[in-house]
Amino acid sequence: MDGGSMMRSAAEIVREYGPFPGVDRVHGVSFDGQRVWFASGDKINALDPASGKILRSIEVPAHAGTAFDGQHLFQLAEDRIQKINPQTGRVVTTIPAPGGGGSGLTWAEGTLWMGRHRERKILQLDPETGAVLRTIESNRFVTGVTWVDGELWHGTWENDESELRHVDPKTGEVLERLEMPAGVNVSGLESDGGDQFFCGGGSSGKVRAVRRPRRV
């Protein structure tokens, strides 16, 4: 592969949120247009990105990726994906997660996309049944996953090194790499639909905003 075509740069961390009381780890991260939702093991928390405060929490098992489809939150918990009404906090329905579960989770083009951490894969799922529609291979552990403006990005976390990677959804080829500072890990990942990503910070208990590179 020609390394010359791939862009790499240092990730620009715009803001850090947390640590938060009662939050030991941050797993999945999502964004509903106003609030950042992040999973912290036994609950999903709604974070106001302007004030940096947690507005409310929903108590559900939340050990991995989080997604939002415009109405409902989706939360990975071991081998299942819970669909949650964010207004009431009720789990509306549960679908099986293929292969016993995953890491990252995001919503795009009417479907769910799930990272498979150690298998270095991203799966496109039918949100009603959990059936696998497509598999994208990566060459790194996949943590968070997100789509923005037709671009597929995923977080990596290997040997205490983390990156945000823009990959070709058809071939899995890495097009762009944003390298996080040493020891700064990425668990969950979500775009705000604009010029920043929200990244879960694993055992730091933090959420970080990272600038998305400008398109020329």
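Residues numbered from 1 in each chain as written. Predicted model: local features only at pLDDT ≥ 70, side-chain atom pairs only at ≥ 80, totals over all residues. Heavy atoms only, no water.

A.B. asks: Mind showing me how you'd approach the overall build of the protein chain here?
C.D. replies: Secondary structure summary: the protein chain contains zero helices and 21 strands in total. Over its C-alpha trace the protein chain gives a radius of gyration of 16 Å, about what one expects of a compact globule, namely 17 Å for 216 residues. Along the longest, intermediate and shortest principal axes, the C-alpha atoms of the protein chain span 50 × 40 × 30 Å. Of all 216 residues assigned to the protein chain, the portion counted as buried reaches 53%. Carbon and sulfur atoms provide 46% of the accessible area of the protein chain, an area that totals close to 9,500 Å². Side chains of the protein chain give 25 positive and 29 negative charges; the mean places of these two sets differ by 3 Å. (Helix = DSSP H or I, 4+ residues; strand = E, 2+ residues; numbered from the N terminus. Rg over C-alpha atoms; globule rule 2.2 N^0.38 Å. Buried < 20%, exposed > 50% of the residue type's maximum accessible area, 1.4 Å probe, protein only. Areas by Shrake-Rupley, 256 points an atom, 1.4 Å probe, with all protein chains shown as cover. Lys, Arg positive; Asp, Glu negative; His and termini not counted. Charge placed at Lys NZ, Arg CZ, Asp CG, Glu CD.)

A.B. asks: Explanation requested: the pairing of strand E21 (residues 207-211) in the structure shown.
C.D. replies: On a regular strand, one side chain projects to one face of the sheet and the next to the other, so that they alternate. Across the five residues that make up E21, a large majority, four, are buried. Inspection of the sheet shows strand E20 (residues 196-200) paired to E21 by five bridges, in the antiparallel sense. Residue Gln196 lies in a different strand from E21, and its bridge partner there is Arg211. Where E20 folds back on E21, the antiparallel hairpin that results is connected by six residues, among which Gly202 adopts a positive phi of roughly 55 degrees. (Pairing = 2+ DSSP bridges.)

A.B. asks: Just to check I follow, could you spell out the sheet that holds strand E5 (residues 44-47) for this structure?
C.D. replies: In a beta sheet, neighbouring strands are held together by backbone hydrogen bonds and run either parallel or antiparallel to one another. If you walk across this open sheet you meet the four strands as E3-E4-E5-E6, and the pairing is antiparallel. Bordering the open sheet on either side are strand E3 (29-31) and strand E6 (54-58), each of which pairs with just one other strand. Ignoring which end each strand starts from, the neighbouring axes of this sheet average 20 degrees apart. Sheet topology note: the E3/strand E4 (residues 36-39) ladder contains three bridges and is antiparallel. Directly across from Ser30, in E4, lies its bridge partner Trp37. (Axes fitted to C-alpha atoms, helices over the stretch in contact; angles between N-to-C directions.)

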